[in-house]
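Structural features, examined
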Amino acid sequence: MLRSGPCWALLLACCLAGCRTAKTPPTERSAAASTPDTTPVTATDTRPVLVFLGTSLTAGYGLDAREAYPSLIQHKLDSLGLGYRVVNAGVSGATSADGLSTLDWVLSQNLPISLLVVELGANDGLRGNDAQQTIASLRENLLAIAQKARARYPSLTLVLAGMTLPPNFGDDFVARFEAVYPEVAKATGATLIPFLLENVGGVRALNQADGIHPTAAGQRIVAENVWRVVRPLLER
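This text gives an overview of the structure that appears in the document. (Residues numbered from 1 in each chain as written. Predicted model: local features only at pLDDT ≥ 70, side-chain atom pairs only at ≥ 80, totals over all residues. Heavy atoms only, no water.)

Tallying secondary structure elements over the protein gives nine helices and five strands in all. Listed N to C, the secondary structure of the protein is α-α-β-α-α-β-α-β-α-α-β-α-β-α in terms of helices and strands. Counting every position in the protein, which comprises 236 residues, the buried fraction comes to 54%. The contacts in the protein between residues at least 6 apart in sequence include a share of 80% that link residues at least 24 apart. For the protein, the accessible area works out to roughly 9800 Å², and carbon and sulfur atoms hold 52% of it. (Helix = DSSP H or I, 4+ residues; strand = E, 2+ residues; numbered from the N terminus. Buried < 20%, exposed > 50% of the residue type's maximum accessible area, 1.4 Å probe, protein only. Contact = heavy atoms within 4.5 Å. Areas by Shrake-Rupley, 256 points an atom, 1.4 Å probe, with all protein chains shown as cover.)

As a further point, take the packing of helix α7 (residues 131–152) against helix α8 (residues 171–188). At a minimum axis distance of 10 Å, the contact between α7 and α8 shows a crossing angle of 20 degrees. In terms of orientation, α7 lies roughly parallel with respect to α8. In terms of crossing hand, the pair formed by α7 and α8 is right-handed. Contact residues: α7 offers Ala131, Gln132, Thr134, Ile135, Leu138, Arg139, Leu142, Leu143, Ala146 and Arg150, while α8 offers Phe173, Arg176, Phe177, Val180, Tyr181, Glu183, Val184, Ala187 and Thr188. Classifying every residue of the contact of α7 with α8 by side-chain character gives 12 nonpolar, three polar and four charged. (Axes fitted to C-alpha atoms, helices over the stretch in contact; angles between N-to-C directions. Parallel < 35°, antiparallel > 145°, perpendicular 65-115°, else oblique. Left-handed = near helix turned anticlockwise from the far one by under 90°. Nonpolar A, V, L, I, M, F, W, Y, C, P; charged D, E, K, R; others polar.)

To continue, consider the packing of helix α5 (residues 96–108) against α7. Running from N to C, α5 and α7 cross one another at 10 degrees; their axes reach a closest spacing of 9 Å. Considering their axes alone, α5 and α7 lie roughly parallel with respect to each other. Contacts between α5 and α7 involve Ser96, Ala97, Gly99, Leu100, Leu103, Asp104 and Leu107 on the former and, on the latter, Ser137, Leu138, Asn141, Ala144, Ile145, Lys148, Ala149 and Arg152. By residue class, the composition of the contact of α5 with α7 is eight nonpolar, four polar and three charged.

When the charged atoms of two side chains lie near each other, side chains of opposite charge can form a pair. Scanning the entire structure with this criterion turns up eight salt bridges. In this structure, Arg85 and Asp45 form a salt bridge, with 3.3 Å as the shortest nitrogen-oxygen distance. With Arg85 in strand β2 (residues 85–90) and Asp45 in the loop between α2 (28–33) and β1 (49–54), this residue pair connects regions lying 40 residues apart in the sequence. Of the charged contacts in the structure, one is a salt bridge between Lys148 and Asp104, with a shortest N-O distance of 2.7 Å. Here Asp104 lies in helix α5 and Lys148 lies in helix α7, a separation of 44 residues in the sequence. Looking at Lys148, the relative accessible area reads 30%, which means it is partly exposed. For Asp104, a relative accessible area of 39% puts it in the partly exposed group. A single salt-bridge network, built from bridges that share partners, covers Asp45, Arg47 and Arg85. (Salt bridge = Lys/Arg side-chain N within 4 Å of Asp/Glu carboxyl O.)

Now for α5. Between its first and last C-alpha atoms α5 spans 19 Å; for 13 residues at 1.5 Å apiece the expected length is 18 Å, and the two agree. The complete set of buried residues in α5 reads Ser96, Asp98, Gly99, Leu100, Thr102, Leu103, Trp105, Val106 and Leu107. (Expected span 1.5 Å × (residues − 1).)

Our next topic: the environment of Ala146. In this fold, Ala146 is placed in helix α7. On the basis of relative accessibility, which here comes to 4%, the residue Ala146 falls in the buried class. Separated by 46 residues in the primary sequence, Ala146 and Leu100 have C-alpha atoms spaced 9.5 Å apart.

Here β1 lies mainly inside the structure; six of its six residues are buried. The alternating pattern of β1 places Val49, Val51 and Leu53 on one face and Leu50, Phe52 and Gly54 on the opposite face, and all of these are buried. One ladder, built from six bridges, connects β1 with β2; its direction is parallel. Residue pairing across strands places Phe52 opposite Asn88, the latter belonging to β2. (Pairing = 2+ DSSP bridges.)

Here the focus is the pairing of strand β4 (residues 157–161). Of all five residues making up β4, four are buried, and the element is well covered by its neighbours. Note: strand β3 (residues 113–119) against β4, four bridges, orientation parallel. Each bridged residue has a counterpart across the sheet, and for Leu116 the counterpart in β4 is Leu158. The sheet contact formed by β4 and strand β5 (residues 191–193) spans three bridges and is parallel. Bridging from a neighbouring strand, Ala161 pairs with Ile193 of β5. In this region the chain leaves β4, passes through α8 and returns to the parallel neighbour β5; the handedness of that crossover is right-handed. (Right-handed = clockwise from strand over helix to strand, strands pointing away.)

This is the structure in structure tokens:
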């Protein structure tokens, strides 16, 4: 799954620059602002919910919330008359451990969650900690997220977004890091998005001036990467 070298300047900077913001679970206001047209998250909306749990890549850092790929997924759902509501639980700077904490917040909202998309791990790998410890922790946290979500929602559909690391981390570390995602997907029965940033990472025109986060055009491509996997699951 290793991708071309330039995009990993993007990811390396991601944990050192723009992503290093609040790591606390999003408030109801921030989650609502990430749904199309800033529709409030209310108990009266009984549509089944798609939750996107992730980092700044999911939160849509540097863009209007409506330009982030979860909101674009909502528009696709609406255009097809599929009665689902999207909640964006992306938090800038989040590691997989932070994602586990954010999930607690999500579950506390008592939403009728039907599908959970998990986009986590890049910030774990880019911290430069011991490779073995990083990989073990990432695997443990992703498994815990799946187990906790399924314990609350036994029929939940789970989707896991794959990620990789810059090649300068070493072939062995990168390969082992990449392997976590298909391993966890297999262990949990999750559907795998092979690489979230396919055709976006490293493409200068599709990333913001910081060279870190996708532009609105880049987010549209990310949305297509996600939609190719999510749509068949919803139509099933």
